[in-house]
Amino acid sequence: MKNIFLFGECMIELMAASHDKPSSSSSNTMAQSFAGDVFNTAVYLKRTFPKINPHLVTAVGNDNFSLDMIQYFESEKIGTDFVFQSDNKIPGLYAIQLDDKGERSFTYWRENSAAREVMSFIGEQFLDKVSADDIVFFSGISLAVITPKERPKFWQLIKDLKALGSTIVFDPNYRARMWDNQEQAKDQFEQAFTLADILLPGVDDFEQLYGISTSEAVYDFCKPYQFKELVIKNGETGIFCYTDEGAYHFPITPVENVVDTTSAGDSFNGVYLGARAQGLNVSHAIDLASKAAGFVIQHYGAIVEPSTYQKFIEQQHI
């Protein structure tokens, strides 16, 4: 069974319980759930390809929210061997607001998040569990969450895993407010671009950080790096993919009923990685991942209800 190790943070999510009320209202009743970019990726990967074994690499606390979170991971059949528990930290929290087009905005409380110190828990036992056939995934949010003093340890771990033969996957997923400045983010992303075998950027990430606004320009930026696959997500414009076999453009059928774009990129990443790990070719993997993202954004919340998502799986005859 293929193993995929996903570094990152899962948070407590708050969202208006009633979707027919303005989400900006402070009087809304808020529904609580759990979400986070790499966790969302793991969920959609496992649901779509149950034979693949995702492991979340993160830290939580010993509080009731943390215990509930771990139970939630297990209910989604995501490995928890490397979900560490801090004695003095707790999970981060965020509230999500939606506009009438389904676009989201967030308010975060993550300064005391246990995930920021995940590297303090990781030692040789982690390397012993990873093999050359495994995949290691992290995002720009994963990097931003880790405290600056722990980042050198993280990069050494990624170098060791790459030397082992593991496939390194990076999605920039740039969030400006999580970095001290753009130069700090660029420095960390440079290291990620240098080490990654598979890159999964969105054009919007590059536009915010580098002022690059087209898929072709993103490709030109990434071309000097030694990646094996580059999959550039550009919304309704489509997907641009570059591999050793050539360059491809995959058009996207726009979704008319968009209600919540929160997990569009995460669901794409999870299904794409699962499809590739399962042996599907690039074209099939992108087609399936794009359809999954289109399905997810027609439902509220980062994680679609299991029975609802099962309908998508059945439609695709996976």
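For the structure, see preceding data.
Residues numbered from 1 in each chain as written. Predicted model: local features only at pLDDT ≥ 70, side-chain atom pairs only at ≥ 80, totals over all residues. Heavy atoms only, no water.

Undergrad: What exactly am I supposed to notice about the side chain of T243 here?
TA: Residue placement: T243 occurs in strand β12 (residues 239–243). With residues near it in sequence (within four places) discarded, T243 still touches K228, E229, Y248 and V282. (Helix = DSSP H or I, 4+ residues; strand = E, 2+ residues; numbered from the N terminus. Contact = heavy atoms within 4.5 Å.)

Undergrad: Where do I start with the sheet that holds strand β13 (residues 246–250) in this structure?
TA: Neighbouring strands of a sheet are bound in pairs by backbone hydrogen bonds; such pairs are parallel or else antiparallel. Taken together, the nine strands give an open sheet; going across it, the order is β5-β4-β1-β8-β9-β10-β11-β12-β13, and neighbouring strands pair in mixed fashion. Whereas interior strands pair on both sides, the edge strands pair on one side only; in this sheet they are β5 (83–85) and β13. Alignment of strand β9 (residues 167–171) against strand β10 (residues 198–199), held across two bridges, turns out to be parallel. When the bridges of β10 are listed, V169 appears paired with I198. In the packing of helix α5 (residues 151–164) onto the sheet, the strands contacted are β1 (3–7), β8 (135–139) and β9, and the crossing angle to β8 comes to about 150°. Running at roughly 140° to β9, helix α6 (residues 182–195) makes contact with β8, β9 and β10 of the sheet. (Pairing = 2+ DSSP bridges. Axes fitted to C-alpha atoms, helices over the stretch in contact; angles between N-to-C directions.)

Undergrad: Sorry if this is basic, but what is going on with unusual backbone geometry here?
TA: Residues other than glycine predominantly adopt negative phi, and peptide bonds predominantly adopt the trans conformation. Despite not being glycine, K77 has its phi angle at roughly 60°, a positive value. Locating K77 in the fold gives a position in the loop between α2 (64–75) and β5. If you check the backbone angles, N173 has positive phi at about 40° while not being a glycine. Structurally, N173 is set in the loop between β9 and α6.

Undergrad: What am I meant to see in the nonpolar core here?
TA: Inside soluble globular proteins, nonpolar side chains tend to come together where they are buried. Ranked by internal contacts, the top residues of the largest apolar core, which has 57 residues, are Y272 and Y309. When residues in this core are grouped by element, the largest group, nine residues, is from helix α10 (residues 282–296). Counting residues in hydrophobic clusters, the runner-up holds 50 residues, among them V57, A59, M119 and I141. (Core = buried A, V, L, I, M, F, W, Y, C linked by side-chain atoms within 4.5 Å. Buried < 20%, exposed > 50% of the residue type's maximum accessible area, 1.4 Å probe, protein only.)

Undergrad: Sorry, what's going on with the sheet that holds strand β7 (residues 104–109) here?
TA: If you walk across this open sheet you meet the four strands as β3-β2-β6-β7, and the pairing is mixed. At either margin of the open sheet sits one strand with a lone partner, and together these are β3 (30–35) and β7. On average, each strand axis in the sheet is tilted by 30° relative to the strand beside it, whichever way the strands run. Two elements, strand β2 (residues 11–16) and β3, share six bridges in a ladder whose sense is antiparallel. Paired with L14 across the two strands is Q32, which belongs to β3. On the sheet, α2 packs against β2 and β3 and is oriented at approximately 60° with respect to β3.

Undergrad: Would you mind showing me how to read the packing of α6 against helix α7 (residues 203–210) here?
TA: When two helices pack together, their arrangement is given by the angle between their axes and by how far apart the axes lie. It is at 11 Å that the axes of α6 and α7 come closest, and there the two elements cross at 135°. Considering their axes alone, α6 and α7 lie oblique with respect to each other. Residues Q182, A185, K186, F189 and F193 of α6 touch α7, and the partners they reach there are F206, Q208, L209 and Y210. (Parallel < 35°, antiparallel > 145°, perpendicular 65-115°, else oblique.)

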